[in-house]
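Fold and contact review
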Amino acid sequence: DCSRIDHLMESVLIFARSMEPKLEPVDVNVFMRRLLDRWRPAMMRGNITSVIQVPETSPIGSGDPRLLDRLFTNLINNAIDAMKITNGGTIAVKVELVQQKNHDQVEISISDTGPGIPDEVRPRLFEPFVTTKSTGTGLGLSICKRIVTVHKGTITVDTFPGGTVFHVLLPIFDGV
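Keep in mind it's a predicted model, so treat the numbers as computed, not measured. (Residues numbered from 1 in each chain as written. Predicted model: local features only at pLDDT ≥ 70, side-chain atom pairs only at ≥ 80, totals over all residues. Heavy atoms only, no water.)

Considerations on the packing of helix 2 (residues 28–45) against helix 3 (residues 65–85)
Helix packing for two helices is described by the angle between their axes and how far apart those axes are. Closest axis-to-axis distance for the helix 2/helix 3 pair is 11 Å, and the angle between their directions is 40°. Classed by the angle they form, the pair helix 2 and helix 3 counts as oblique. By crossing handedness, the relation of helix 2 to helix 3 is classed as right-handed. Within the contact between the two elements, helix 2 uses Phe31, Met32, Leu35, Leu36, Arg38, Trp39, Ala42 and Met43 and helix 3 uses Pro65, Leu68, Asp69, Phe72, Thr73, Ile76, Asn77 and Ile80. Partitioning the contact of helix 2 with helix 3 into residue classes produces 12 nonpolar, 2 polar and 2 charged. (Axes fitted to C-alpha atoms, helices over the stretch in contact; angles between N-to-C directions. Helix = DSSP H or I, 4+ residues; strand = E, 2+ residues; numbered from the N terminus. Parallel < 35°, antiparallel > 145°, perpendicular 65-115°, else oblique. Left-handed = near helix turned anticlockwise from the far one by under 90°. Contact = heavy atoms within 4.5 Å. Nonpolar A, V, L, I, M, F, W, Y, C, P; charged D, E, K, R; others polar.)

Some thoughts on the packing of aromatic side chains
Inspection of every chain in the model, using the stated rule, returns 2 aromatic pairs. Considering the side-chain rings of Phe31 and Phe72, the 6.5 Å spacing of their centres and the 70° angle between planes classify their relative orientation as edge-to-face. In this pair, Phe31 is assigned in helix 2 and Phe72 in helix 3, connecting sequence segments 41 residues apart. The buried category is assigned to Phe31, whose relative accessible area is 16%. Judged by centre distance (6.3 Å) and plane angle (80°), the rings of Phe126 and Phe166 are edge-to-face. Highlighted residues: Phe126 in the loop between strand 5 (103–112) and helix 4 (140–150) and Phe166 in strand 7 (residues 163–171), separated in sequence by 40 residues. The ring of Phe126 carries the charged tip of Lys145 above its face, separated from the ring centre by 5.7 Å. (Phe/Tyr/Trp six-rings, centres within 6.5 Å; stacked < 30°, edge-to-face > 60°. Buried < 20%, exposed > 50% of the residue type's maximum accessible area, 1.4 Å probe, protein only. Lys NZ or Arg CZ within 6 Å of the ring centre and 35° of its normal.)

Okay, here's the thing in structure tokens:
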């Protein structure tokens, strides 16, 4: 119970704190490979494989590595938790350059082969205290949304029975 309360308090403090990103160039391919490598032991324990698809030329995003780490750690952790229900599966990370409103952006998609997100939760998915986990705080995805917003990006989700895909669009580093 103490660990659960500690986790809850930490999540509430993160959620309540103002986020002021320290933007710098981020090599998205290297960043995502390192993140997946860090999660490899947890994935192996859960019978989960990972796949990464990246372009030959690595896109350089504009972001705060500390906040981006929190964002993608949460999305990968959620995917692992979802696939524990199905006793394993696959996490796929796809990085690509896209054009949105005449601006180059980098899109990072995190997909899993879990059971999908229930219909009743989908409309409120990014709201605080919404969770499908018995031990969750319901703050993870709302924190993710705030991180993406302070980076002037967007986050969307596609979910269906047999999987979920989170799409994160972030600006390309402009050299300023």
